[in-house]
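Chain residues, written in single-letter form:
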Amino acid sequence: MHRSKRWVKSSLVSLIALWSVGVTMAQEFPNRPIRLIAPFSAGASTDLLARVVAQSMSKKLGQQVVVDNKPGAGGIVAAEMTARSAPDGYTFMLTSAGIVTMNQSIYTKLPYDPLKDFAPLTIAVRMPIAIVVNPAVPIHTMGELLSYAKANPGKLTYGSAGTGTSQHLAGELFKSMAHVNLLHVPYKGGGPAMNDLLANQVSMMFVQVPSALPQIQAGRIRAVAVGSDKRDAKLPNAPTVAESGIAGYNSDTWYGFVMPTGVPKPIAQKLYASVIDALKENEQKLSDQGFNLDGGSPEKMEETIKVESTKWASVIKAANIRAD
């Protein structure tokens, strides 16, 4: 009995000591620069998101949050680097939905596990996918798109940022639900794909609103619909795919922040709070670029990753999409 009491007392002392260490670490954090790994090239719309958040966090935390662009291999380069970083709060990553919900079904040898190697912070922003066409294409509505595609199987081509990207999978989901045959043309990035759409080298794209908005507003491409469950405020005249006749279609994509698994909870909470404050501070600026603020909890992000991983795994398998 005495031994049991001593064990309980010793355990409580240990827990209190660990809690005290955690609190002290959080109070001292950060005492050196923090690295924000971004899996995109400098200058991209997603890079803007990383930099406005980093700038605001730097002011709040009193230490520089430095954006480190590590593009390549569908985000794998950045994700692996993040997963292998020390879990001390000094490295975190801006992630696309695809990096943590699609890649594991596309790549046979992925050097990270989205659920085991990363701890979610928050889904930062959401973006509907806009279905856009070159003005030379005789399509103005979803009804016209469906009619044309069914009458001309394989004639409509859609460009994407590459095989297995969210743009590609939005198209594959559309093809399977609408029962139409569109020809996918993969590019090495969304920029080259958009350039060929503007030149009418491809007929259409399934593209994130922030990337398409300037061209839509300039009249250089036409928005036929948006792939979310409700209309987007930036494109009020573009109906959703669902209300255009394909019930249940949703190809929304998002960007969020994750950190290596194992970051002490007090530090993780401080990092999360700083990210949320930065998002709220820059809400209007991000909205002007086509982003819709989310800022949900880590638990909500984890649940979203699980649900969407299952959804996209089914699409990827049906379309037989593989990459190595």
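Attention in this report is confined to the structure presented alongside it. Bear in mind the structure is a predicted one, so any value in this text is a computation, not a measurement. (Residues numbered from 1 in each chain as written. Predicted model: local features only at pLDDT ≥ 70, side-chain atom pairs only at ≥ 80, totals over all residues. Heavy atoms only, no water.)

1. A closer look at the nonpolar core
Taken as a class, soluble globular proteins show a tendency for nonpolar side chains to be buried jointly.
Okay, so step 1: Counting residues in hydrophobic clusters, the biggest one holds 49 residues, and the most contacted among them are Met142, Phe174, Leu182, Met204 and Phe206.
Okay, so step 2: Among residues more than four places away in sequence, those in contact with Leu182 are Ala149, Leu156, Tyr158, Phe174, Lys175, Met204 and Phe206.
Okay, so step 3: With 35 residues, the next largest nonpolar core counts Ala38, Leu121, Val125 and Ala278 among its residues. (Core = buried A, V, L, I, M, F, W, Y, C linked by side-chain atoms within 4.5 Å. Buried < 20%, exposed > 50% of the residue type's maximum accessible area, 1.4 Å probe, protein only. Contact = heavy atoms within 4.5 Å.)

2. What to know about the layout of surface pockets
Okay, so step 1: In this structure, the largest pocket occupies an estimated 1,000 Å³ of space.
Okay, so step 2: In this structure, the largest pocket is lined by 42 residues; those nearest its centre are Phe40, Ala161, Thr165, Gly189 and Gly190.
Okay, so step 3: Partitioned by chemical class, the residues of the lining of the largest pocket number 19 nonpolar, 22 polar and 1 charged.
Okay, so step 4: Estimated volume of the second largest pocket: approximately 220 Å³.
Okay, so step 5: Together, 14 residues line the second largest pocket, and Pro120, Met259, Lys265, Ala268 and Pro298 are the ones closest to its centre.
Okay, so step 6: Only strand E4 (118-127), helix H10 (265-281) and helix H12 (298-319) provide two or more residues apiece to the lining of the second largest pocket.
Okay, so step 7: It is H10 that provides the largest number of residues to the lining of the second largest pocket, a total of 4 residues.
Okay, so step 8: Along the lines of polarity and charge, the residues of the lining of the second largest pocket split into 8 nonpolar, 3 polar and 3 charged. (1 Å grid on protein atoms, 1.4 Å probe; cavity = no way out; pocket = protein on both sides within 12 Å on 5 of 7 lines; lining within 4 Å. Points joined across faces, edges and corners; volume = space filled by probe spheres on them. Nonpolar A, V, L, I, M, F, W, Y, C, P; charged D, E, K, R; others polar. Helix = DSSP H or I, 4+ residues; strand = E, 2+ residues; numbered from the N terminus.)

3. Description of the packing of helix H2 (residues 45-61) against H10
Okay, so step 1: At their nearest, the axes of H2 and H10 sit 8 Å apart, and the two run at 115° to each other. Where H2 crosses over H10, the handedness of that crossing is right-handed. Contacts between H2 and H10 involve Leu49, Val53, Ser56, Met57, Lys59, Lys60 and Leu61 from the former and Lys270, Leu271, Ser274, Val275, Asp277, Ala278, Leu279 and Glu281 from the latter.
Okay, so step 2: Of the residues contributing to the contact of H2 with H10, the split by class is 8 nonpolar, 2 polar and 5 charged. (Axes fitted to C-alpha atoms, helices over the stretch in contact; angles between N-to-C directions. Left-handed = near helix turned anticlockwise from the far one by under 90°.)

4. Some thoughts on the sheet that holds strand E11 (residues 292-293)
Okay, so step 1: Read across the sheet, 6 strands follow the order E2-E1-E3-E10-E4-E11 without closing on themselves; strand pairing throughout is mixed. The open sheet has two edge strands, strand E2 (65-69) and E11, and neither has a second partner.
Okay, so step 2: Here strand E3 (residues 91-96) runs beside strand E10 (residues 253-260); their pairing, made up of 4 bridges, is antiparallel. Pairing of Ser96 across the sheet is with Tyr255, part of E10. (Pairing = 2+ DSSP bridges.)

5. Some details on the pattern of salt bridges
Between side chains of opposite charge, a pair can form as their charged atoms come close.
Okay, so step 1: If you walk through the whole model with that rule in mind, you get 11 salt bridges.
Okay, so step 2: Among the salt bridges present, the one from Lys60 reaches Asp277, with a minimum N-O distance of 3.1 Å. Separated by 217 residues along the polypeptide, Lys60 in helix H2 and Asp277 in helix H10 bring together distant segments of the chain.
Okay, so step 3: Asp277 gets classed as partly exposed once you look at its relative accessible area, which sits at 34%.
Okay, so step 4: Among the ionic pairs, Glu302 bridges to Lys306, the shortest N-O distance being 3.9 Å. Here the residue Glu302 and the residue Lys306 both occupy positions in helix H12, the gap between them amounting to 4 residues, near one helical turn. (Salt bridge = Lys/Arg side-chain N within 4 Å of Asp/Glu carboxyl O.)

6. Comments concerning the packing of aromatic side chains
Okay, so step 1: One pass over the structure, following the stated rule, counts 7 aromatic pairs.
Okay, so step 2: Residues Phe92 and Phe257 carry aromatic rings whose centres are separated by 5.7 Å and whose planes lie at 45° to one another, so their mutual orientation is tilted. Here Phe257 lies in strand E10 and Phe92 lies in strand E3, a separation of 165 residues in the sequence. By the burial criterion, Phe92 is buried, and Phe257 matches it.
Okay, so step 3: With 5.3 Å between their ring centres and 80° between their planes, Tyr158 and Phe206 make a pair best called edge-to-face. Of this pair, Tyr158 sits in strand E6 (residues 157-160) while Phe206 sits in strand E8 (residues 204-208), and the two are 48 residues apart along the sequence.
Okay, so step 4: Owing to a relative accessible area of 0%, Tyr158 belongs among the buried residues under this scheme.
Okay, so step 5: Connected via pairs of aromatic rings, a cluster forms that spans Tyr158, Phe174, Phe206 and Tyr249.
Okay, so step 6: Positioned over the ring face of Tyr90 is Arg32, at 3.7 Å from the centre of the ring. (Phe/Tyr/Trp six-rings, centres within 6.5 Å; stacked < 30°, edge-to-face > 60°. Lys NZ or Arg CZ within 6 Å of the ring centre and 35° of its normal.)

7. What to know about the environment of Ala268
Okay, so step 1: Mapping Ala268 onto the fold places it in helix H10.
Okay, so step 2: On the basis of relative accessible area, Ala268 is assigned to the buried category, the value being 13%.
Okay, so step 3: The spacing of Ala268 and Pro87 is 181 residues in sequence and 9.7 Å in space, taken between C-alpha atoms.
Okay, so step 4: Excluding its chain neighbours within four sequence positions, the residues that come into contact with Ala268 are Leu121, Met259 and Val263.

8. Focus on the side chain of Ser85
Okay, so step 1: For Ser85, the location among the structural elements is in the loop between helix H3 (76-83) and E3.
Okay, so step 2: Of note is the side chain of Ser85, whose polar atom sits 2.7 Å from the backbone oxygen of Met81.
Okay, so step 3: When residues no more than four places from it in sequence are discounted, the contact partners of Ser85 are Arg35, Thr91 and Pro260. (Polar contact = N/O pair within 3.5 Å; in protein donor to acceptor, adjacent residues only side chain to side chain.)

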